[in-house]
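# Survey of secondary and tertiary structure
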Amino acid sequence: MTTQSSRTTAPGFPAPRRHRDDGAVTAVAARLGELRRRLERTDLRPAPETDAAFGELVGLCCFPPAGCTEGVLARVAPHSDALRTLAATGEGHMERHWAGRIAAAPAPRAELDRFPYLGNYHDLVRLELAALTAVGLPAPRRVVVLGSGPLPLTGVVLAAEHGARVLHVDRDPAAADAGDAVVAALGLDGRVGSLVADLDEPGLSPALADELGRADLVLVGALVGTDAAAKAAITTRLVTATGPGATLLVRSAAGLRTLLYPEIVPADLPALDVLLEVHPRTDVVNSVLVARAAT
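A separate point is the overall build of the protein. Looking only at helices and strands, the protein features 10 helices and 7 strands. Taking 19 Å as the expected radius of gyration for a compact globule of 295 residues, we find that the protein reaches 19 Å, a close match to that expectation. Overall, the C-alpha framework of the protein stretches about 55 × 50 × 35 Å when taken along its three principal axes. Residues classed as buried in the protein amount to 52% of the 295 residues present. Excluding contacts between residues fewer than 6 apart, the proportion of contacts in the protein whose partners are at least 24 apart in sequence is 74%. When the accessible surface of the protein is totalled, it reaches about 12500 Å², and 53% of it is carbon and sulfur. The average position of the 29 basic charges and that of the 34 acidic charges among the side chains of the protein differ by 4 Å.

Here is the structure:
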């Protein structure tokens, strides 16, 4: 979920290796269960009650009380799949809502600036580019973003702020159309294109394979592949098409943030050599793995 809390530090994430009383674990686990029930009583579309519940959920997952992460994850295991599904569905509704607003606005860039989580995209892209620098890789010139969604702001930021040429890929034609409308409204359609492709299919389309072969960075969105097995299968297919020297960025999650997105660890990606794994302690929700094809 590309959302932010109002805090800028993340005490207690990852969980320190020290004792935490069961009272805090119980309180956090109970609150997460209540947030699940609150969200299930809504249609998950943007509205004050829904926005408040998602905001609290994200804040609690990003900044839990110190030392309680492992205990909370054990307590809320029966809720974890449901919470991730709620988060993914809510994110989709939010992105479609704002994509429509931005594309229809007389001043699309001003409307984009009103999007409450725009700063998160800038922060995440900056973190990912810094991760590339940390392993000695240059800023990408040609990027394929897999799982771009209806509000493809990662690609928008890469194109508008960092000069990359970007291809957005999504399996949902309506999401791709919505993303195209946002890109066109922002005047970036000369640098950003799109392609509809389902990465769960056993074979890559020729058009996607061609684009992957020309890319120097392939970004695998956190919701591409519903679990570790699906992510492994998808990344294995990707490395057959990427050109020599292509880099993959695989988004993941850690700690209580795994209640928002699936956790992916290097062992889940047998076709890749993971060069760096980054778990932010800030408002950025996603972790990131920098990888290349295994040799």
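With phi around 70°, Leu44 is a residue other than glycine that occupies positive phi space. Looking at the element boundaries, Leu44 is found in the loop between helix H1 (22-40) and helix H2 (48-62). Assessed through its relative accessible area of 9%, Leu44 is described here as buried.

Bringing helix H6 (residues 118-134) into the picture now. For H6, spanning 17 residues, the distance from its first C-alpha to its last is 25 Å, which sits close to the expected 24 Å at 1.5 Å a residue. Directly beyond the C-terminal end of H6, a positive phi value near 85° is found at Gly136.

We now examine the pattern of salt bridges. Under the defined criterion, the tally for this structure stands at 14 salt bridges. A salt bridge links Arg38 to Glu56, with the shortest nitrogen-to-oxygen separation between them at 3.6 Å. One end of the pair, Arg38, is in helix H1; the other, Glu56, is in helix H2, with 18 residues separating them in the sequence. For the salt bridge of Arg84 with Asp81, the shortest nitrogen-to-oxygen distance reads 2.7 Å. Highlighted residues: Arg84 and Asp81, both in helix H4 (residues 77-104), separated by 3 residues, approximately one helical turn. The exposure class of Asp81 is exposed, given its relative accessible area of 54%.

As a further point, take the layout of surface pockets. Estimates place the volume of the largest pocket at around 1000 Å³. Considering the residues around the largest pocket, the lining is formed by 46 residues, among which Ala88, Gly147, Asp170, Leu223 and Val224 are closest to the centre. Within the residue set of the lining of the largest pocket, elements represented by two or more residues are H4, H6, strand S1 (142-146), helix H7 (153-162) and strand S2 (165-170). The element best represented in the lining of the largest pocket is H4, accounting for 10 residues. Taken together, the residues of the lining of the largest pocket break down into 20 nonpolar, 15 polar and 11 charged.

This part is about the nonpolar core. In terms of nonpolar packing, the biggest core is built from 35 residues, with Phe115, Leu151, Leu153 and Val166 touching the most fellow members. Elements represented by at least two residues in this core include exactly H4, H6, S1, H7, helix H8 (173-185), strand S4 (217-220) and strand S7 (287-293). The dominant element in this core, judged by the number of residues it contributes, is H6, at 7 residues. With residues up to four places along the chain from it excluded, the contact list for Val166 reads Val143, Val145, Gly155, Leu158, Ala159, Arg191, Val192 and Gly193. Residues Val28, Leu60, Cys62 and Tyr261 belong to the second largest nonpolar core, which totals 28 residues.

Another point: the environment of Val143. Following the sequence through the fold, Val143 ends up in strand S1. On the accessibility criterion, Val143 (1% relative accessible area) is buried. With 25 residues separating them along the chain, Val143 and His168 place their C-alpha atoms 8.6 Å apart. In contact with Val143, not counting residues within four places along its chain, are Leu158, Ala164, Arg165, Val166, Leu167 and Leu217.

For sheets, the rule is that strands pair by backbone hydrogen bonds, running either parallel or antiparallel. Taken in spatial order, the 7 strands line up as S3-S2-S1-S4-S5-S7-S6 in an open sheet, and their pairing is mixed. Looking at the sheet topology across the chains shown, the edges are occupied by strand S3 (192-196) and strand S6 (272-278). Each neighbouring strand pair of the sheet contributes to a mean axis angle of 20°, computed without reference to strand direction. Of the pairings in the sheet, the one linking S1 to S4 comprises 4 bridges and is parallel in character. Residue pairing in the sheet places Val143 in a bridge with Leu217 of S4. Each of S4, strand S5 (247-252), S6 and S7 is contacted by H6, which is oriented at about 135° to S5, the strand it contacts most.

Let us look at the side chain of Thr50. Along the polypeptide, Thr50 turns up in helix H2. A residue is classified by how much of its surface remains accessible, and Thr50, at 4% relative accessible area, is buried. Only 3.5 Å separates the side chain of Thr50 from the backbone oxygen of Arg45, close enough to count as a polar contact. Those residues in contact with Thr50 that sit more than four places away from it in its chain are Leu39, Thr42, Leu44 and Arg45.

Each value, and the rule that gives it
Residues numbered from 1 in each chain as written. Predicted model: local features only at pLDDT ≥ 70, side-chain atom pairs only at ≥ 80, totals over all residues. Heavy atoms only, no water. Helix = DSSP H or I, 4+ residues; strand = E, 2+ residues; numbered from the N terminus. Rg over C-alpha atoms; globule rule 2.2 N^0.38 Å. Buried < 20%, exposed > 50% of the residue type's maximum accessible area, 1.4 Å probe, protein only. Contact = heavy atoms within 4.5 Å. Areas by Shrake-Rupley, 256 points an atom, 1.4 Å probe, with all protein chains shown as cover. Lys, Arg positive; Asp, Glu negative; His and termini not counted. Charge placed at Lys NZ, Arg CZ, Asp CG, Glu CD. Expected span 1.5 Å × (residues − 1). Salt bridge = Lys/Arg side-chain N within 4 Å of Asp/Glu carboxyl O. 1 Å grid on protein atoms, 1.4 Å probe; cavity = no way out; pocket = protein on both sides within 12 Å on 5 of 7 lines; lining within 4 Å. Points joined across faces, edges and corners; volume = space filled by probe spheres on them. Nonpolar A, V, L, I, M, F, W, Y, C, P; charged D, E, K, R; others polar. Core = buried A, V, L, I, M, F, W, Y, C linked by side-chain atoms within 4.5 Å. Pairing = 2+ DSSP bridges. Axes fitted to C-alpha atoms, helices over the stretch in contact; angles between N-to-C directions. Polar contact = N/O pair within 3.5 Å; in protein donor to acceptor, adjacent residues only side chain to side chain.

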